Amino acid sequence: KTTTKQREESQTIASLRSSKQQNENATTNMAYPNPFGSVPPAPKIVSAPPAPPISNPEPKSAPKPKDEEKRLKSERRKAARAKTTERFNNLVKAEEQKSEQPTASKPKPKPKPKTKPKPKPKKPQSTSTAPVKHSFDLIDVFVDEPLPPDTVTAHAQLLGELALQFLAPPSFSQRMTLVHPLTPLKSVSVKAFKKSNSTKGVAKPQITLHLGVNKTSEDILPLLDTIKDAFTSIYRERLICYSCQNRIKLGEYSCSCHSNGCKKLLGLPATYSEFVPVQMANKIHRDKLKPASVKDFDRLSSKLCRDSEGSLEQTFETLALSDSTTGDRNAAVEKEFIEYINGLSMKTILRQRVRGFRTRPLSLSASNIKSASCLKEIIHENTETRIMTADLSQLSPMYDNLIDELGNCSRYPRWDWASSKGASFDFGEFGNVRIKGSPDAMFDGIPVELKTVKSSLKDGATREKIQAWSLQVAAYQLTHGEGEGPGPAILLVVSLEDLEVLALNVWPDNFVRARSLWLRNLTTVFGGDGNLYRKYWDNLVSYHNEDSTFRAKHHHNVLRSVLKWQEEDAEREIEEGMSLVPRIWESGVAAQFERKVSLGRKLCLKGRKTWQAKKEDRTARKILNSIKKETQELWVNGNSLVVMKWAELKRMVEGGLVAVDAVKPECKICLDILSLMKTIARWRDVSKEIKAIDKATTEIKDTMKGWVKLLGNSAVVVNAGSDF
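About the thresholds
Each chain carries its own residue numbering, running from 1 in the written order of its sequence. Residues qualify for local features only when their pLDDT is at least 70, as the model is predicted, and side-chain atom pairs are given and counted only at 80 or more; totals for whole chains, interfaces and linings, by contrast, use all residues. Each side-chain value is derived from all of the structure's non-hydrogen atoms; neither hydrogens nor water enter the calculation. The helix count covers DSSP runs of H or I at least four residues long, the strand count covers runs of E at least two residues long, and both are numbered beginning at the N terminus. Exposure is judged per residue with a 1.4 Å probe applied to protein chains only, and the accessible area is read against the type maximum: over 50% gives exposed, under 20% gives buried, and values in between give partly exposed. Any two residues having at least one pair of non-hydrogen atoms within 4.5 Å are treated as being in contact. As a rule, the C-alpha atoms of each element are fitted with a line to give its axis, helices using only the stretch in contact, and angles between N-to-C directions run from 0 to 180 degrees. Here the word oblique covers every angle except those under 35 degrees (roughly parallel), over 145 (roughly antiparallel) and from 65 to 115 (roughly perpendicular). Nonpolar residues are Ala, Val, Leu, Ile, Met, Phe, Trp, Tyr, Cys and Pro. Charged residues are Asp, Glu, Lys and Arg, and all others, Gly as well, are polar. Whether two strands pair depends on DSSP finding at least two bridges between them. In these notes, a set of buried Ala, Val, Leu, Ile, Met, Phe, Trp, Tyr and Cys residues joined through side-chain atoms within 4.5 Å is what counts as a nonpolar core. Every residue carries a pLDDT, the predictor's confidence in it, which falls somewhere between 0 and 100.

Asks: What should I look at first to understand the overall build of the protein in this one?
Replies: Helix and strand counts for the protein come out as 27 helices and 17 strands. Residue burial in the protein is summarised as follows: out of 724 residues, 40% are buried. The long-range share in the protein, meaning contacts at least 24 apart out of those at least 6 apart in sequence, stands at 73%.

See below:
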């Protein structure tokens, strides 16, 4: 029955389509006929003769099932067409119903305008006369220095970039809100100056302050003064000469090395001078300093009075305390320093900024002679301009800045800020040279040097650090002494972990002992017959002994000769080091290879990062790439060969085949190779391999210590590292 009905419907649809094509029915009522109007022909279809064969098909006849499949497919197609026709008719009826009732849908959108005016009541809230945002001309409001007409465009562009870097970040707005809570600053937008051919005249950068409340121009005057002070201190230190690193004021393009104008100006990076983070300011304001305990003082004073090298009887002698019977501590310095830091307000701390430092070419300061490693920087790091960014990861730079502010505080008249001074130092066979230095502060005319340690005073103030500090303080004893000879000084040590403060008096005897250490360090680095690097020291001494006019005139010539020496020495050291690769497994060869190639790389880098040297210097890029290429095979096979060598030595010792003393030289070679592999991993910047090498080194050392302890042999000699 279902098939007959479907067949009937399909026939009626076909008849309707044919009638439409022939236009037999012209009336509109017959345009969409009722499919049930053709019911009478149905009995003919029901009594059709093909029905019995469908119900009882003969299995022997092959063509009948194919006919049946064709018939079923045709019926399915007809049923699908009927469904589509019915859907089409329903859509047409729905459209006719919509067209018959056009007025019924019109009243529906009427209530919509009633909901739209809801946000309109917000507008009357800003009817106050005080605006929420204020716009200013950056140069007219925040810059005091007059700009010459010929340099206005260049300085306007520079000032706009500085404002974008320092004033636009959200941290600056947050800082200003903490300083001025009555005028909360939500954000600062800066429209920097952009040079274009279409602009007539000079377009000055604009700055807009977005406030959290409505304030008049008179209400925000204190906020404007704070922003002006901060921005003034920023742009005054940003413009410097690329060659001599001297500061250049706005509108000036000349310095000591170029009388007719600098060839290249350099803007300090944005991270050179950063505002103190709010988290750091909270920590300084919350955590309170305290005097060092007696136990920590005893440990530190014992290290101060201990000779680490054997050539000095004492590192510090006759240390005195003005207000104590022990004669070792300066209680007055400790008391006033702790009182000042603990009494700082949040506003004062937030106004401070952490500054990086700059190294000028051919410079020589007190910090360069405090240790042998610092003297070696004269060879490979004292000939290029280096700008170190501000370190905001720890509190040590902040304490240096605060002790400088202590010298300007009127409540502590005994403190004063320290200026840079110079004095002539006699180094015997290495000549007399004038060295400049600047301590952190002055107390009653005595230089004060502040040192911080990350851990406690017991663990952080090591004997090596104290010796280096004593040499630096000794230089200040001569440069800032009241008389012709060296005077007293004060060493102030602060623990960032325990927040303990210890102040020690250093007397002139320290300078006499420091001089012998200076001579010994100079002999280690530049002494000996045929020393190839003595020329760097002699050239620096002769340069600094000249007057300022000569140094300004011949600065480029002296610098050019030093740079040429560095290139020649770098190529020679690397070539000599690579020639040692075939004998790398001999005793001491790996350490010699590491020392020479490392020195060659440092001479090539000149204190720069690897990526920076490759980007700026074509010669440096060529040398660094050659080192990487020539050490490729050594890097691939070195670690595996060490593992195999160590496994063989371990098997022989534990099996009783050889004694421990017999394999000590071989174990020493394995440690040297691992040290070399670690150095190459640093060159390639592969941190994962460094961890694996450290693990293998620790295993070899611990195993050898166990052998020595078990068999009663002497300790194993460990590699002392490279010289440079």
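Still more to cover.
Asks: What should I look at first to understand the packing of helix H21 (residues 555-578) against helix H24 (residues 618-630) in this one?
Replies: Any two packed helices are characterised by how steeply their axes cross, that is the angle between the axes, and by the distance between the axes. Put simply, H21 and H24 touch, their axes get as near as 12 Å, and they point 5 degrees apart. Relative to H24, the element H21 is oriented roughly parallel. Residues Glu571, Ile574 and Met578 of H21 form the contact with H24, whose participating residues are Ile623, Ile627 and Glu630. Within the contact of H21 with H24, the residues separate by chemical class into 4 nonpolar, no polar and 2 charged.

Asks: Would you take a moment to explain the side chain of Arg353 for this structure?
Replies: Structurally, Arg353 can be placed in strand E8 (residues 353-355). Judged by its relative accessible area of 3%, Arg353 is buried. The contacts of Arg353, once residues within four sequence positions are left out, are Ser233, Ile234, Glu237, Ser273, Glu274, Phe275, Val276 and Asn401.

Asks: How should I be thinking about the pairing of strand E16 (residues 489-495) in this particular structure?
Replies: Residues in a regular strand project their side chains so that they alternate between the two faces of the sheet. Within E16, 7 of the 7 residues are buried, which leaves it mostly tucked inside the rest of the structure. The alternating pattern of E16 places Ala489, Leu491, Val493 and Ser495 on one face and Ile490, Leu492 and Val494 on the opposite face, and all of these are buried. Counting the residues that bridge the hairpin from E16 to strand E17 (residues 500-506) gives 4 residues, and of these Leu499 lies at a positive phi of roughly 60 degrees.

Asks: Would you mind showing me how to read the sheet that holds strand E3 (residues 206-211) here?
Replies: Where strands meet in a sheet, backbone hydrogen bonds hold them as pairs that are either parallel or antiparallel. Ordered by their spatial adjacency, 3 strands build an open sheet running E1-E3-E2, and the pairing between neighbours is antiparallel. Both outer strands of the open sheet, strand E1 (133-137) and strand E2 (185-191), are each paired with one neighbouring strand and no more. When strand polarity is set aside, the average angle formed by the axes of neighbouring strands in this sheet is 15 degrees. Taken together, the 6 bridges between E2 and E3 define a ladder with antiparallel strand orientation. Across the sheet, Val190 pairs through a bridge with Ile207, a residue of E3.

Asks: What am I meant to see in the nonpolar core here?
Replies: Burial of nonpolar side chains together is a common tendency in soluble globular proteins. Formed by 39 residues in total, the largest nonpolar core has its most connected members in Phe593, Ile627, Ile673, Leu676, Met677, Ile680 and Ile700. Looking at which element gives the most residues to this core, the answer is helix H26 (residues 660-684), with 13 residues. When residues no more than four places from it in sequence are discounted, the contact partners of Ile627 are Ile574, Met578, Val597, Arg601 and Trp683. The next biggest cluster of nonpolar side chains, apart from the first, holds 38 residues, and it includes Ala366, Ile435, Leu471 and Leu478.

Asks: Got a minute to help me understand the confidence of the model for the protein in this structure?
Replies: The predicted coordinates ought not to be read in detail in places where the model reports low pLDDT. Predicted confidence across the protein gives a mean pLDDT of 77, with 74% of residues reaching 70 or more. Low pLDDT, under 50, characterises residues 305-327; the stretch is placed with 59 contacts to residues that sit more than four places away or in other chains. Within the model, pLDDT remains below 50 along residues 713-724, and this stretch shows 24 contacts once partners closer than five positions in the same chain are excluded.

Asks: How should I be thinking about the sheet that holds strand E14 (residues 441-443) in this particular structure?
Replies: The 6 strands are arranged E7-E17-E16-E15-E14-E11 in an open sheet whose pairing can be described as mixed. The open sheet is flanked by strand E7 (290-291) and strand E11 (415-416), the only strands paired with a single partner. Here 6 bridges tie strand E15 (residues 446-453) to E16, and the two strands are oriented parallel to one another. Among the inter-strand pairings, Glu449 is bridged to a residue of E16, identified as Leu491. Across the sheet, helix H17 (residues 463-479) touches E15, E16 and E17, and the angle it forms with E15 is around 160 degrees.

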